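Observations on the model geometry
So the chains spell out like this:
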Amino acid sequence: MKQIFLRCKSIVWKDFLIIISLFLILEILSVVILKFGSSLFGSLSDGKEILLSSLVQLLAYTASIFLIYILHIDDFYLKLTRGLHFIKRHSVWLMSVFVLMFVTSYFYNFAVQYLPGDLGFSETQNELQLQVLFENPKFLPFAFLLIVIAAPLIEEIIFRHLLIGELGKLLNFKVMGIVSAVLFSLMHVSGATSPFEFGSYIILATALVYSYINANNKLIVSFSLHMLNNFVSFIITMITLYY
């Protein structure tokens, strides 16, 4: 009982405020911005609604990231320096993880195209929704900030830092790693038309969990890997649509 109490005490509970703040900010901004968009444009098409919703996400993510910075302002730069030093010393290992993840994902996504019936797909529903952000060139800077920087950082804070780094102190780091990978993947396949869309994200999630745990729970390591993955995907989408 004493050990459980000590484990609970070691958890940085204040960091869980980000979940509450993110939910509240998303709700408030959704009402304000979507209502403003409706009054400005009249009835919103699916494309415009996705653009406005993405803008809401970007603003909410930015505010939540700032909150985390405020909560850790005393040791932020120390942790950042240690994390960057770790990446520099283990850059070959991190790139190897990325290449293995990317190649595995590529062959998986190539293979599932040839599954029979509705099981096969060329792109996940989540990817198809994100493509709307690329259709308006003026929105590309916002799309870049959301897809490559803000979303990966928020997702790493929640699914790696909170679920593994903090709750893992009470339960078990490896068990929470599995929970993190599954929940991360499920979040990205809402509205999926094929159960095999789950595999596209479990590959990425496995790489992120592996890199995070093996870096002694350094958030910047899994964030760098996540950001690199999204950056490469962003560039590929840009080339596909505009060249």
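Here the structure is shown first, and the text comes after it.
Residues numbered from 1 in each chain as written. Predicted model: local features only at pLDDT ≥ 70, side-chain atom pairs only at ≥ 80, totals over all residues. Heavy atoms only, no water.

1. Examining unusual backbone geometry
Basically, it comes down to this: In this text, helices come from DSSP runs of H or I with a minimum length of four residues, and strands from runs of E with a minimum of two, each type numbered from the N-terminal end.
Although it is not a glycine, N216 adopts a positive phi angle of roughly 55°. On the secondary structure map, N216 appears in the loop between helix 9 (197–214) and helix 10 (219–242). The phi torsion at N217 lies on the positive side, around 60°, for a residue other than glycine. One can find N217 in the loop between helix 9 and helix 10.

2. Description of the packing of helix 8 (residues 173–187) against helix 9
Operational definition: Here the axes come from fitting lines to C-alpha atoms, over the contacting stretch only for helices, and the angles between their N-to-C directions go from 0 to 180 degrees. Two helices cross in a left-handed way if the nearer one is turned anticlockwise from the farther one by less than a right angle. They cross in a right-handed way if the turn is clockwise. Contact between two residues is taken to exist if any of their heavy atoms lie within 4.5 Å; hydrogens are not considered. Three categories are distinguished: nonpolar for Ala, Val, Leu, Ile, Met, Phe, Trp, Tyr, Cys and Pro, charged for Asp, Glu, Lys and Arg, and polar for the others, with Gly belonging to the last.
Here helix 8 crosses helix 9 at 145°, and the two axes come no closer than 8 Å. At the point where helix 8 passes helix 9, the crossing takes the right-handed sense. Facing F173, K174, G177, S180, A181, V182, F184, S185 and L186 of helix 8, the residues of helix 9 in contact are F198, Y201, I202, L204, A205, L208, V209 and I213. Classifying every residue of the contact of helix 8 with helix 9 gives 13 nonpolar, three polar and one charged.

3. Focus: the layout of surface pockets
Just so we agree on the cut-off: In this analysis, the protein atoms alone were mapped onto a 1 Å grid. Cavities are point sets where a 1.4 Å probe fits without being able to get out; pockets are open sets with protein on both sides within 12 Å along at least five of seven lines; lining residues have an atom within 4 Å of a point. Grid points are joined across faces, edges and corners, and a volume is the space filled by probe spheres set on the points.
Its volume calculated, the second largest pocket comes out at about 820 Å³. Lining the second largest pocket are 25 residues; nearest its centre among them are F76, K79, L80, L219 and I220. Mapped onto the lining of the second largest pocket, the elements with two or more residues apiece are helix 3 (46–71), helix 4 (76–89), helix 7 (140–170) and helix 10. Residues that form the lining of the second largest pocket fall into these classes: 14 nonpolar, six polar and five charged.

4. Overview of helix 9
Using the following cut-off: One less than the residue count of a helix, multiplied by 1.5 Å, gives the span that helix is expected to have.
With 18 residues, helix 9 extends 27 Å between its outermost C-alpha atoms, agreeing within 8% with the 26 Å of an ideal straight helix rising 1.5 Å per residue. Looking at the packing, one finds that the buried side of helix 9 touches helix 5 (91–112), helix 6 (125–130), helix 7, helix 8 and helix 10. Backbone geometry just after helix 9 places N216 at a positive phi near 55°.

5. Quick notes on the packing of aromatic side chains
Heads up, the condition is: Any two rings among Phe, Tyr and Trp, with Trp reduced to its six-membered ring, count as a pair given centres within 6.5 Å; such a pair is stacked if its planes are under 30 degrees apart, edge-to-face if over 60, and tilted if neither. Working definition: with a 1.4 Å probe on protein chains only, accessible area under 20% of the residue-type maximum means buried, over 50% means exposed, and in between means partly exposed. Only lysine NZ and arginine CZ atoms are considered, and such an atom sits over a ring when it is within 6 Å of the ring centre and within 35 degrees of the ring normal.
On inspection of all chains with the given rule, the structure shows 15 aromatic pairs. Both rings, one in F76 and one in Y77, keep their centres 5.2 Å apart while their planes meet at 85°; by these two values the pair is edge-to-face. Note on F144 and F234: the rings are 5.4 Å apart at their centroids and 85° apart in plane angle, and the pair reads as edge-to-face. Separated by 90 residues along the polypeptide, F144 in helix 7 and F234 in helix 10 bring together distant segments of the chain. For F234, a relative accessible area of 7% puts it in the buried group. Grouping aromatic residues by their ring pairs yields a cluster made of F66, Y69, F76 and Y77. Positioned over the ring face of F184 is R160, at 4.8 Å from the centre of the ring.

6. Observations regarding the side chain of E166
Note the cut-off: In protein, a polar contact requires one atom able to donate a hydrogen and another able to accept it; more generally it is a pair of N or O atoms within 3.5 Å, and residues adjacent in sequence count only if both atoms are side-chain atoms.
Within the secondary structure, E166 sits in helix 7. Only 2.8 Å separates the side chain of E166 from the backbone nitrogen of V12, close enough to count as a polar contact. If we skip the residues at most four places from it in the chain, E166 touches S10, I11, V12, F16 and H161.

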